[in-house]
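# Notes for the structure review
Listed here are the chains, written in short residue letters.
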Amino acid sequence: MNPLESLVGMYLTHLRVEKGFSKNTLAAYRRDLARFTDWGKENLVTSIGQVSTQGVTDFLISLREGGSGRSALATSSVARVLSAVRGLTKFAVLEGEIAVDPAASVPMPVPPKLLPKALPVETVAKLLAVPSDSVKGLRDKALLEVLYSTGARISEVVGLHIDDIDEDGTFLRVVGKGDKERLVPLGQYARKSLDEYLVRSRPALAAKGKGTSLLFLNSRGAPLSRQSAWLILQEAAKKAEIDVHVSPHTLRHSFATHLLEGGADVRVVQELLGHASVTTTQIYTKISDGTLREVYRSAHPRAL
């Protein structure tokens, strides 16, 4: 057993005796630190004093790339291993084995952002067709149509006031993050649903409450909460027999994706979504491989 392996043994004992870690947690630490000592043997690093910041970085790269009969690890697994190594090097400093912690300045790997799946246009149409012609149904339809027509966040939609609709009913004034305002066009279907809600539904709901200028109301005439709007969408998705998870952000992402697939410029979509950076918009509006193939086939002279 080399000095690095001995230090790992001392550290695991410390975690068991002084920190009271469970058997399962200790087993996970043991596995992750075994990866580190195995890397050390392969690179002639046999003591903690030989470990440098660059060495820790190289170790993480080797985990991500795999090789030598080992599978590449996911970013989340690499981050877990680095956490274990950081614990070991910090322990080494406290024990006086080294003066400077070589792992302290190594950045934690950041997993890629997971994109919500955009719903097909036909599925969105199926969802929007669910609400009935009742007082609550007209409200629900207007709510869902506005969410999809504008790509607004659920908090932005439930925060709308009646006078946020312009006189022609063609634009909505949306207040986003940081109280930044933006004008978002309303599609014909959303305009029709809003008109029907304002004429046939909202007055009946408002009569039960104490009076508010907020656009969407609950059955007691009070402002519709974010949670209630969430439930309306979930119930509609269930009735439409949509077998994937549907959230307000799913509609927001579908809005952006469908615009891009229809030829909209990414900076226009950025403005509609209220993003400060176009980089964020590009994450939300990733074009599908199928769309890319179709555009390539139709546009490239040697594609067919």
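Residues numbered from 1 in each chain as written. Predicted model: local features only at pLDDT ≥ 70, side-chain atom pairs only at ≥ 80, totals over all residues. Heavy atoms only, no water.

## Here's the deal with the packing of aromatic side chains
Taken as a whole and assessed by the stated rule, the structure comprises 7 aromatic pairs. Look at Tyr11 and Phe91: their rings are 5.4 Å apart centre to centre, the planes differ by 45 degrees, and that puts the pair in the tilted class. Residue Tyr11 is found in helix α1 (residues 3-17), and its partner Phe91 is found in helix α4 (residues 75-94); the two are separated by 80 residues along the sequence. Across the pair, Phe91 and Tyr11 agree in class, each one buried. Through a chain of ring-to-ring contacts, three or more aromatic side chains come together here, namely Tyr11, Phe21, Tyr29 and Phe91. (Phe/Tyr/Trp six-rings, centres within 6.5 Å; stacked < 30°, edge-to-face > 60°. Helix = DSSP H or I, 4+ residues; strand = E, 2+ residues; numbered from the N terminus. Buried < 20%, exposed > 50% of the residue type's maximum accessible area, 1.4 Å probe, protein only.)

## A look at helix α8 (residues 188-206)
Here α8 spans 25 Å end to end across 19 residues, near enough to the 27 Å set by a 1.5 Å rise per residue. Roughly 45 degrees is the biggest bend found in α8, and it falls at Leu198. Buried within α8 are the following residues: Ala190, Ser193, Leu194, Tyr197, Ser201, Arg202 and Leu205. In this structure, the buried side of α8 is in contact with α6 (135-150). (Expected span 1.5 Å × (residues − 1). Bend = angle between axes of the 7 residues up to and from the residue. Contact = heavy atoms within 4.5 Å.)

## Focus: the environment of Pro3
With respect to the element layout, Pro3 can be found in helix α1. Remark: the alpha-carbon pair of Pro3 and Ile48, spanning 45 residues in sequence, is separated by 7.5 Å. With sequence-adjacent residues up to four places away left out, Pro3 is seen in contact with Thr46 and Ser47.

## Observations regarding the nonpolar core
Membership of the largest hydrophobic core comes to 43 residues, with the highest contact counts inside it found for Leu143, Val146, Val157, Leu194, Tyr197 and Phe216. Contributions of two or more residues to this core are made by α5 (121-128), α6, α7 (154-158), β1 (171-175), α8, α9 (226-239), α10 (248-261) and α11 (266-273). Examining the composition of this core, we find that 6 residues originate from one element, α6, more than from any other. Residues Leu12, Val56, Leu60 and Ala92 belong to the second largest nonpolar core, which totals 30 residues. (Core = buried A, V, L, I, M, F, W, Y, C linked by side-chain atoms within 4.5 Å.)

## Examining the pattern of salt bridges
Tallying each qualifying case throughout the model produces 11 salt bridges. Across the pair Asp140 and Arg139 runs a salt bridge, and its minimum N-O distance is 2.8 Å. A residue is classified by how much of its surface remains accessible, and Asp140, at 16% relative accessible area, is buried. For Arg139, a relative accessible area of 5% translates into the label buried. The salt bridge partner of Glu156 is Arg153, with a shortest N-O separation of 2.5 Å. With a relative accessible area of 4%, Glu156 lands in the buried category. (Salt bridge = Lys/Arg side-chain N within 4 Å of Asp/Glu carboxyl O.)

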